Every structure is written in structure tokens, then in C-alpha cells.
Amino acid sequence: MEDLQVWQDLSNIPADPPVMRELCQKCERPSAVCWCAALPPERLHPHSTIILLQHPAEEKRCLRTAPMLQLGLAENKCLIYKGKKFPQPRHERLEKILGHENTVLLYPSKAAVDIKELDNNYTSYNLVLIDGTWPQAKAIYASSTILQRIQQVKLVTSSTSNYIIRTQPTEGCLSTLETAAEALSQLERNPIYRQQLIEPLHMLCKFQLENGAVTHQSKEFLIKTKTYPKLIGKRLSKLLRQTEDYDESQNKT
């Protein structure tokens, strides 16, 4: 009797595979939630090139912003390399790019200079960004010694993230797309990158909010208002103290 029930269950399994939602050929998202209509009318062509060093975990995120950046910029103006350590033999041309004198790394080290204060020795730069969470970015930087030899720059901005459906560590954190857009605007001295590149992000957030997503405050905000539901670790606690010290110093000036 038990065997008969098993065969009956198997007989009810449909022979045809389930119908898959139609995907956009450009962004590879379901057509119903495609954000390609918000891309720049023409792909932007900066003098500089964005080099994204992407942690493998980022590729698995369904709401990642790196594809928006790659599709918003002209072909070969946003190069993406995946891994936890760079460069590797499979990373074509990356070692040569990282060795160029006009290559800079956007990373908030003590030696980093404001990107607006870069010497105008070059008409274009290779701007390297690490795409991942802050712990992932630190691990990539620590394991990739070549990155530690590159001139480092930092982004000084009062912008707040428009990626309101994802929790950021602190109030000043930006998504990969927003960071690249702001950096290009400052580096190229042209606000068009800040204005046009992040439009797909606005559309993405609008879609998500209309379909049940909620806006997210940063961990910093939740902790300050005593509404964060988890215990915080030493790393985040240190980061928040640094932010508070910076805010106090700004208020005194």
C-alpha cells in the first residue's frame, strides 16, 4: 500500500519544467522588475576607468548594484574581476593595470588622500574599488599585497545612501554604484555621473518598496536609538566611536 502511494505521488509530478519568468537580456532580471529604462540615455564615457575587485559573495546577491554601473558606463569603462585575492592568473591584464602609475585605490587608509586633491598628472585614472562588505573588503586588501603599494584615495562627501532597502553599517556608507558615481563626479569634475548613474538604483528601490520591502535605517542609527535587535561586535563598535569622534570634531570647528 505504501509503495502504491509513492507511485501515485510520482505520477502527479508534471513532466514539463515550471514556467520561468521572462528575463531582460541586459540586466538579466525578470522583465517585470527590470531597471534598464532608468539607465543613462547614452552610456557615459569618462576619461577614467573603474576597476571593480568583487568578492565572490557579491555575485550571489539579487539586489547588487555593480551591473548598474557596468551597463551605465561605456564598454570597457567598468572592468570586474572576481576573487578573494588579487591578482590571480585568471585575471587577464589585471596585474598590469594595478601596476600603472595612474592607478589609484579607493580605500580609507591613514595614507589615503582626498580624491579631489589628486595631482593632475594624468588625464585619466584607473580607479580601483573593492566590491563587498567592509569585512570582505578588509580581507581582500590584507591578502592582496599589490593593493597596499598603490596610491590610496578616499571619498569625502556629505551624501547619504539611496539604497534604502539595504541596511548600511553607518550613516555615511554608500553602495558600490553610489561610491563609483560620486568618485567619478569628483575625479572628472562633472556631476553627470552622480546624477545619471544612480537612477536605476532609485527604480530598483521603488519596485521593491511597492512589493513589500521596507526602508532600512543604518546600524549606526538603530544602535544610537537603541532599536538594533542584535549585540554589536568590536569592529562595528570601534567604527561607530570613530564616527562620533569625527562628528564632535566637526561641530567644534
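Criteria and cut-off values
Residues numbered from 1 in each chain as written. Predicted model: local features only at pLDDT ≥ 70, side-chain atom pairs only at ≥ 80, totals over all residues. Heavy atoms only, no water. Phe/Tyr/Trp six-rings, centres within 6.5 Å; stacked < 30°, edge-to-face > 60°. Helix = DSSP H or I, 4+ residues; strand = E, 2+ residues; numbered from the N terminus. Buried < 20%, exposed > 50% of the residue type's maximum accessible area, 1.4 Å probe, protein only. Pairing = 2+ DSSP bridges. Arc of directions from axis to C-beta. Contact = heavy atoms within 4.5 Å. pLDDT = per-residue confidence, 0-100.

A. The packing of aromatic side chains, seen in detail. Using the criterion set out here, one finds 3 aromatic pairs in the structure. An angle of 10 degrees between the planes, with centres 4.1 Å apart, marks the rings of Tyr-107 and Tyr-141 as stacked. Of this pair, Tyr-107 sits in the loop between strand S3 (103–106) and strand S4 (113–114) while Tyr-141 sits in helix H5 (residues 134–143), and the two are 34 residues apart along the sequence. On the basis of relative accessibility, which here comes to 9%, the residue Tyr-107 falls in the buried class. With relative accessibility at 16%, the residue Tyr-141 sits in the buried group.

B. A look at the pairing of strand S6 (residues 151–154). As judged from the 3 bridges shared by S3 and S6, these two strands associate in the parallel manner. Note on S6: the bridge partner recorded for Leu-106 is Val-153. Relative to S6, S4 runs parallel, the two being bridged by 2 bridges. Its bridge partner lying in S6, Val-113 is registered against Val-153.

C. Structural context of H5. Among all positions of H5, only Gln-136, Ala-137, Ile-140 and Tyr-141 are buried. Down the axis of H5, the buried set is contained in an arc of 135 degrees. They therefore lie on one face. Packing partners of the buried residues in H5 comprise strand S1 (49–54), helix H2 (56–59), S3, strand S5 (126–131), helix H6 (145–148) and S6.

D. Summary view of the confidence of the model for the protein. Model confidence for the protein is summarised by a mean pLDDT of 80, while 68% of its residues fall at 70 or above. No element of the protein has a lower mean pLDDT than helix H10 (residues 219–224), at 41, and none a higher one than S1, at 98. Across residues 167–171, where pLDDT falls below 50, the model places 24 contacts with residues more than four positions away in sequence or in other chains.

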